Structure formats: C-alpha cells, structure tokens
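Chain by chain, the residues run as shown.
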Amino acid sequence: MLNRMLDHQSGQGFVSDSSHLDALAEINEEHERVKDEFSNNLELCIGEAEKFLEQPVPDSDTLEPFIDMQFNTREEAREFYNAYGRRTGFTVRVHHNRRSRVNNQIIGQDFVCSKEGFRAKKYVHRKDRVLPPPPATREGCQAMIRLALREEGKWVITKVVKEHTHKLMSPSEVPWRKSEKHLVSEDEKDKRIRELTLELYNERQKYKRRCAAYEEQLNMILNDLEKHTEHISKKVADVVRNIREIEEEKSDSKGR
C-alpha cells in the first residue's frame, strides 16, 4: 500500500507535505503496536499451555477418597476403596447399608476399616472355651467412607474418615480377602434373594394347591363313607324291624 501511495504521488509530483509523513509514521506505529500485542498474547497462551501440560494428571492408583467423589456403582466404589486400602496399609470391610422406606432399595452404603468396632464380649468371655481366645482383630478404628445414591443413579461419597487408630501395614503385608477375589455385588445378592423368595412362594402355592386337592379327595371319601354308613344303618334298622315283627307274630300265634 505504501508503494502504491508513493507511485501515485510520483505520478502527480512529489509533494513534501508533513501531513503525509505523519500519516505514514502513524500507520507504522499502529502496525508495530498490533504486532507487539499479538506476540505478547501468543507468548501468554504458550505459557498457559505449558503450565497446563506440566500439571500432573490424576491417577486412580494414587487418588484418595474425597467428599462428592462419584462412582457409577457401589462395586466400583468398593473396588476403589479396596485399592486405596491396599496402598495405604489396611483391609476393607463392608458395613451396614441403608434402604429406602418406599421401595426397600439400597440408597446408602458404608465401607469401613476391618478394625472398625470391637469383638462382642460373648465371643471373648466364653465359659466353654478350651483353646485360648484368638487375638483381637478389631480396635474401634473410625476410618471409613460413606456413600449415598443420588437421583441420577450415581453413588457419591458424603463422608470420609482417613485417620486410623492402629498401626498400618505395608502394601505387601495387606492380605487378600476372599471378598476381593470373588466379588458378589449387593445388587446380585438382592436379585438372588428375590429369585429365592419367588421360588419359595411358588413352592408354597404348589403345596397349597396339592393340599387343597388332598382335602377335596378326603372330603369326597368321608361323604361316601357317611352315605355308606347311613345306608348300612337303614338296612340294620330294617332287619331289626323285620325280626321284631316275626317275633310278634310268633307270640300272637302262641297266644291263640
């Protein structure tokens, strides 16, 4: 554009007007300002991108439980807490759950440290014990996570207690639990319970129908027996009446 302006001016004769020079200087200054601003913005964006790339990506193998942490299922939450316990040095136990009063659906679940609570006294102080009591495995530890089922179907952590009241083990010392090797979900348990309940109900209905059929057959037999007894009673009454009539006839004939 600058060349075209110079050619245009050369065609008309060069006029040494200071206004033209000021305009050219202003254009150059604006160009340099835009270029500097673009360079600064580009450097700023590159710096922010480098900071973002340098941030560590959360790893599920190093992640710790926190409030509002979400899971798709309870089994997913239990597997996470089992893995966390193995890294930290304790084993996990499934604690009591909470059910809805409306449809009996499980809406809450606690996973606790295996040393939660205390052994019942009736198992510790047994009078018929022959061998010495086993070592105490529960020390009242409060470490746990509490889950709640939300409307969107997600399981969310609502309470976390990380502090333990006992010495933690090294990850290599944490024993494998059977529940970790052969996990059976609570939903599968509920499904199996419903299946067994339905099977038991069907068996009861089958026995009721069978008992009703037996009762009907027994009533028929009793009715037939009653009718047969009544028929025999009538025959016996007829025979007795006939014998009396014969005896009366004999006595009349003797009186004559």
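The sections below set out a description of the structure shown in this document.

### Some remarks on the overall build of the protein chain
Right, on to step 1. When helices and strands are tallied, the protein chain shows 6 helices and 5 strands.
Right, on to step 2. Of all intrachain contacts in the protein chain linking residues separated by at least 6 positions in sequence, the fraction that spans at least 24 positions is 56%.
Right, on to step 3. Of the accessible surface of the protein chain, which amounts to about 20800 Å², a share of 55% is contributed by carbon and sulfur atoms.

### Observations concerning the side chain of Arg74
Right, on to step 1. Mapped onto the secondary structure, Arg74 falls in helix H3 (residues 74-88).
Right, on to step 2. For Arg74, a relative accessible area of 6% translates into the label buried.
Right, on to step 3. Within polar-contact distance, the side chain of Arg74 engages the side chain of Gln109 at 3.0 Å.

### Some details on the pairing of strand S5 (residues 155-161)
For a regular strand, the rule is simple: side chains alternate between the two faces of the sheet.
Right, on to step 1. Summarising the sheet, strand S1 (residues 70-71) and S5 pair through 2 bridges and their orientation is antiparallel. Bridge pairing in S5 links Gln70 to Val156.

### Some remarks on the packing of aromatic side chains
Right, on to step 1. On inspection of all chains with the given rule, the structure shows 4 aromatic pairs.
Right, on to step 2. Ring centres 5.9 Å apart and planes at 20 degrees place the aromatic pair Tyr81 and Tyr84 in the stacked group. In this pair, Tyr81 and Tyr84 are both assigned in helix H3, 3 residues apart and thus about one turn of the helix distant.
Right, on to step 3. Arranged with centres 5.7 Å apart and planes meeting at 65 degrees, the rings of Tyr81 and Phe90 form a pair that is edge-to-face.
Right, on to step 4. Here a set of aromatic residues connected by ring pairs shows up, and it is made of Tyr81, Tyr84 and Phe90.

### Some details on the pairing of strand S3 (residues 106-113)
Right, on to step 1. Of all the 8 residues making up S3, 7 are buried; the element is thus mostly covered by neighbouring parts of the structure.
Right, on to step 2. Bridge count for strand S2 (residues 92-99) against S3 is 6 bridges, and the pairing is antiparallel. Along S3, the bridge assignment pairs Arg93 with Val112.
Right, on to step 3. Taking the residues between adjacent antiparallel strands as the criterion, S2 and S3 are bridged by 6 residues, where Asn104 takes a positive phi near 65 degrees.
Right, on to step 4. Direction of pairing for S3 relative to strand S4 (residues 144-149): antiparallel, over a ladder of 5 bridges. Bridging across to S4, Gly108 finds its partner in Ala148.

### Notes on the environment of Phe80
Right, on to step 1. Positionally, Phe80 belongs in helix H3.
Right, on to step 2. Classification of Phe80 by relative accessible area gives buried; the value is 11%.
Right, on to step 3. In the structure, Phe80 is positioned 16 residues away from Glu64 in sequence and 9.1 Å away in space, judged by C-alpha atoms.

### Here's the deal with unusual backbone geometry
In most cases, non-glycine residues show a negative phi, while peptide bonds are predominantly trans.
Right, on to step 1. The phi torsion at Asp68 lies on the positive side, around 75 degrees, for a residue other than glycine.
Right, on to step 2. Positioned with a positive phi, Asn104 is a non-glycine residue whose angle comes to about 65 degrees.
Right, on to step 3. Structurally, Asn104 is set in the loop between S2 and S3.
Right, on to step 4. Asn104 sits in the partly exposed class, given a relative accessible area of 47%.

### Regarding H3
Right, on to step 1. Helix length check: H3, at 15 residues, gives a terminal C-alpha distance of 21 Å against a target of 21 Å (1.5 Å per residue), a fit within 8%.
Right, on to step 2. Within H3 the residues assigned to the buried category are Arg74, Glu75, Ala77, Arg78, Phe80, Tyr81, Asn82, Tyr84, Gly85 and Arg86.
Right, on to step 3. Looking one or two residues past H3, Gly89 carries a phi angle of roughly 120 degrees, positive in sign.

### What to know about the pattern of salt bridges
Right, on to step 1. Applying the stated rule across the entire model yields 8 salt bridges.
Right, on to step 2. Of the charged contacts in the structure, one is a salt bridge between Asp110 and Arg146, with a shortest N-O distance of 3.1 Å. Placement of Asp110 in strand S3 and of Arg146 in strand S4 is noted, with a sequence separation of 36 residues between them.
Right, on to step 3. Arg146 sits in the partly exposed class, given a relative accessible area of 27%.
Right, on to step 4. Each of the salt bridges in this network shares a partner with another, and the network as a whole consists of Arg98, Asp110 and Arg146.

The rules behind the values
Counting starts from 1 at the beginning of each chain's written sequence and moves along it residue by residue. Where totals are concerned, whole chains, interfaces and linings use all residues; where local detail is concerned, this predicted model gives features only for residues with pLDDT of at least 70, and gives and counts side-chain atom pairs only at 80 or more. Hydrogens and waters are ignored; side-chain quantities use all the structure's heavy atoms. Segments assigned H or I by DSSP are reported as helices when at least four residues long, segments assigned E as strands when at least two residues long, and all are numbered from the N terminus. It only takes one pair of heavy atoms within 4.5 Å for two residues to be counted as in contact. Exposure was quantified through the Shrake-Rupley algorithm and a 1.4 Å probe, taking into account, for residues, occlusion by the shown protein chains and nothing else. Burial here depends on accessible area, computed with a 1.4 Å probe over protein chains only, as a share of the maximum for the residue type. Under 20% is buried, over 50% is exposed, and the range in between is partly exposed. Whenever a nitrogen or oxygen atom comes within 3.5 Å of another N or O atom, the pair is scored as a polar contact, on the condition that within protein one atom can donate a hydrogen and the other can accept it, and that pairs from neighbouring residues in sequence are kept only if both atoms are in side chains. Pairing between two strands requires that DSSP report at least two bridges joining them. Aromatic contacts are taken between Phe, Tyr and Trp rings whose centres are within 6.5 Å, Trp giving its six-membered ring; a plane angle under 30 degrees counts as stacked, one over 60 as edge-to-face, and the others as tilted. Here the expected span of a helix is defined as 1.5 Å times the quantity of residues minus one. By definition, a salt bridge exists where a carboxyl oxygen of Asp or Glu is found within 4 Å of a side-chain nitrogen of Lys or Arg.

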